[in-house]
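Spelled out from the first residue to the last, the chains are:
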Amino acid sequence: MSTESKIYIFCDNFFSLRICDRVSKMNISYTLIFAINLFEKLDNNCSWIKRLMILYAKNADKVYVQDMDTFQLLNKQHVSSELLNTEYKNVLLNNMYEYTSINNAEVINLNDSIINSDLYEALNKYDISINDVILFAYGGQGFIYKGFSRLLSLDVVIKMPNTNDIELSRKNILKEERLFKQAQSKNLDGLPTVYSSNTTGKYMVKEFINGIPMDIIIKNNIYFPLEDFLDFAAKIFNFFHNDLGYIIEDFKAQNIVQDINKKWFLIDIGSVKSNYNSHNISLLEQPIVGSRMYLHCPPELLLKEYTKCSIKIDYFSLGVLCYLVIVGEFPYSNSESNLNKVYQQYYTEYKDAIRKLKKYSENYNYLIIDFIISCLNPNCDDRTSEMINTNYNKFLLNI
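Residues numbered from 1 in each chain as written. Predicted model: local features only at pLDDT ≥ 70, side-chain atom pairs only at ≥ 80, totals over all residues. Heavy atoms only, no water.

### Comments concerning the overall build of the chain
In plain terms, the rule: Only runs of H or I of at least four residues qualify as helices and only runs of E of at least two qualify as strands under DSSP, and these elements are numbered from the N terminus. Accessibility here uses a 1.4 Å probe with only protein chains present; expressed as a share of the type maximum, an area under 20% marks a residue as buried, one over 50% as exposed, and anything in between as partly exposed. Working rule for contacts: check all heavy atoms of both residues, and any pair within 4.5 Å makes them a contact.
Scanning the chain from N- to C-terminus turns up 15 helices and 13 strands. Every one of the 399 residues in the chain was classed for burial, and the buried ones make up 54%. The long-range share in the chain, meaning contacts at least 24 apart out of those at least 6 apart in sequence, stands at 66%.

Spelled out as structure tokens, the structure:
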């Protein structure tokens, strides 16, 4: 490998390791940045993840990590690494998500061949060069590509279905496209513009939001007014809950981006469910879900108590995000494997979370803190389902 790094690989999820694998095989020089603590998601059955981390770190020119656990793991393996410093925090801030300089045909081939033809159809229709396409992200609902559309004269995102359950994934893409367009018809701020229009769900083309994901903002302790974020959430919740009658069900930091103008966007709504049909088990029992696999999940969803599921799921997720901003950690661990003890663990952690929240709350209006406490309540009957009036809070703060 040459000493000059051609590519930054931000390892912020397990799929990033597959990017490392492609880069290593192609003998491309790279700097590896572990942007999150992967140990948060590891258990005793995931030792292979640690081995891959060590392998790709050893092959990298430079390695930067953000947490002490990963730092110590790599140092024990004689990997030269540095804790993330100011310079590389600026790299994050400047949005250098450089999955570039990779042979793009190779990147596309990470995808299943079943939908490669659909991807090429999208590239042709929106005049996107194959050399400009990068595999940007991967999740339970599909593959996300980024490229420059000469037809639209802007960067776009192409969402392709997950081939594990391609028919269900295509239905979700169609639903997501329809909801985005309903938001556009109402001139709703805070959601990206969708350009595609199809009846097959083979792909969706939407505006690329040039900004920083909320999880990166939180992990780097970047300040933003919490009231502004709550104003954004209020608009989004009002649209989905009141105008459409939907549960977002995936309102988490990875799906929320702040653009270069400090404006918030919800960029993924593929997990929304009809609130009017929340008693319909088949709706919430779909294998593609959002919050359940993350630490934004209330107990009624975790335990599949579908008759209790409502828009209060989203308020729980909002409470988790606000708690993360103020305290810097998740309020709940979701670690109890005995389902009969889940509520017991939630209530125990809830008391501890309230204590920590109040400890760090001196710079926040007490009404905001009370609102977060209500959002985090494990008992959905006692959890709020109404947004706080942030204009009133701003007035109080100025007294």
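So, next bit.
### What about the nonpolar core?
Condition: Among buried residues, those of type Ala, Val, Leu, Ile, Met, Phe, Trp, Tyr and Cys that are joined through side-chain atoms within 4.5 Å constitute a nonpolar core.
Membership of the largest hydrophobic core comes to 66 residues, with the highest contact counts inside it found for Phe229, Phe240, Phe251 and Leu266. For this core, the element with the highest residue contribution is helix α12 (residues 312-327), accounting for 11 residues. Ile28, Ala60, Val65 and Val79 belong to the second largest nonpolar core, which has 20 residues in total.

### Points about the packing of helix α7 (residues 166-185) against helix α9 (residues 226-244)
When two helices pack together, their arrangement is given by the angle between the helix axes and the distance between those axes. Definition in use: Only the stretch in contact is used when a helix axis is fitted, and all axes are lines through C-alpha atoms; the angle between N-to-C directions ranges over 0 to 180 degrees. Any angle that is under 35 degrees is reported as roughly parallel, and any over 145 degrees as roughly antiparallel; angles of 65 to 115 degrees are reported as roughly perpendicular and all others as oblique.
Across the interface, α7 lies against α9 with an axial gap of 12 Å and an inter-helix angle of 100°. Considering their axes alone, α7 and α9 lie roughly perpendicular with respect to each other. Along the contact surface, α7 presents Leu179, Gln182 and Ala183, while α9 presents Phe239, Phe240 and Leu244.

### Some details on the pairing of strand β2 (residues 30-34)
For clarity, the threshold we go by: Pairing between strands is defined by DSSP: at least two bridges between the two strands are required.
For β2, the buried fraction is high: 5 of the 5 residues fall into the buried class. In β2, alternate side chains face the same way, and those of Tyr30, Leu32 and Phe34 on one face and Thr31 and Ile33 on the other are all buried. The pairing of β2 with strand β3 (residues 62-65) spans 4 bridges and is parallel. Its bridge partner being in β3, Thr31 is matched across the sheet by Lys62.

### Some words on the pattern of salt bridges
Using the following cut-off: Only one rule defines a salt bridge in this text: a Lys or Arg side-chain nitrogen within 4 Å of an Asp or Glu carboxyl oxygen.
The final tally for this structure, using the stated rule, is 15 salt bridges. In this structure, Asp118 and Arg170 form a salt bridge, with 3.2 Å as the shortest nitrogen-oxygen distance. One end of the pair, Asp118, is in helix α6 (residues 116-125); the other, Arg170, is in helix α7, and 52 residues separate them in sequence. Across this residue pair, the class does not change: Asp118 and Arg170 are buried. Lys202 is paired through a salt bridge with Glu121; the nearest N and O atoms lie 2.9 Å apart.

### Looking at unusual backbone geometry
Look at Asp127: it is not a glycine, yet its phi comes out positive at around 50°. Along the chain, the position of Asp127 falls in the loop between α6 and β5 (134-139). For Asp127, a relative accessible area of 34% translates into the label partly exposed. In this structure, Ser153 is a non-glycine residue whose phi angle is positive, near 60°. Note that Ser153 resides in the loop between β6 (142-149) and β7 (154-161). Of the residues examined, Ser153 reaches a relative accessible area of 55% and is grouped as exposed.

### Quick look at the confidence of the model for the chain
For the record, the criterion: pLDDT is a per-residue confidence score from the predictor, ranging from 0 to 100.
Looking at the chain, the pLDDT average stands at 78 and 74% of residues meet or exceed 70. No element of the chain has a lower mean pLDDT than helix α5 (residues 104-108), at 41, and none a higher one than strand β12 (residues 264-266), at 96. Contacts from residues 92-113, a stretch scored under 50 in pLDDT, to residues over four places away or in other chains number 70 contacts. Long-range and interchain partners of residues 393-399, a stretch whose pLDDT sits below 50, account for 11 contacts in this model, where long-range means more than four residues apart.

### Describing the sheet that holds β12
Strand pairing in a sheet takes place through backbone hydrogen bonds and is either antiparallel or parallel in direction. Reading across from one edge, β9-β11-β12 is the order of the 3 strands in this open sheet, with antiparallel pairing throughout. Among the strands making up the open sheet, the edge pair consists of β9 (211-213) and β12. Each adjacent strand pair in this sheet contributes to an overall mean axis angle of 30°, direction not counted. As judged from the 3 bridges shared by β9 and strand β11 (residues 256-259), these two strands associate in the antiparallel manner. Each residue of the ladder has a partner; that of Ile212, found in β11, is Gln258. Lying over the sheet, α9 contacts β11 and β12, oriented at roughly 35° with respect to β12.

### Some words on the environment of Asn261
Note on placement: Asn261 falls in the loop between β11 and β12. You can call Asn261 exposed: its relative accessible area is 62%. Taking the C-alpha atoms as reference points, Asn261 and Asn210, 51 residues apart in sequence, are found 9.6 Å from one another.

### A look at α6
As a reminder of what qualifies: Working note: the arc is built from the helix axis to C-beta atom directions.
Within the span of α6, buried status applies to Asn116, Asp118, Leu119, Ala122 and Leu123. Viewed end-on, α6 has its buried residues packed into an arc of 160°, placing them on one side of the element. Where α6 ends, the next residue or the one after it, Asp127, has phi of about 50°, a positive value.

### Things to note about the environment of Asn210
Topologically, Asn210 is positioned in the loop between β8 (204-207) and β9. Separated by 49 residues in the primary sequence, Asn210 and Asp259 have C-alpha atoms spaced 5.5 Å apart.

### Some remarks on the packing of aromatic side chains
Filter applied, for reference: Centres within 6.5 Å are what make two rings of Phe, Tyr or Trp a pair, Trp counting through its six-membered ring; a difference in plane orientation under 30 degrees is then read as stacked, over 60 as edge-to-face, and the rest as tilted.
The full count for this structure, using the stated rule, is 14 aromatic pairs. Ring geometry for Phe229 versus Phe232: centroids 5.9 Å apart, planes at 40°, classification tilted. Residue Phe229 and its partner Phe232 are located together in helix α9, separated by 3 residues, close to a single helical turn. For the pair Phe229 and Phe232, one class covers both residues: buried. Measuring from ring centre to ring centre gives 6.5 Å for Phe232 and Phe251, while their planes differ by 25°; the resulting arrangement is stacked.

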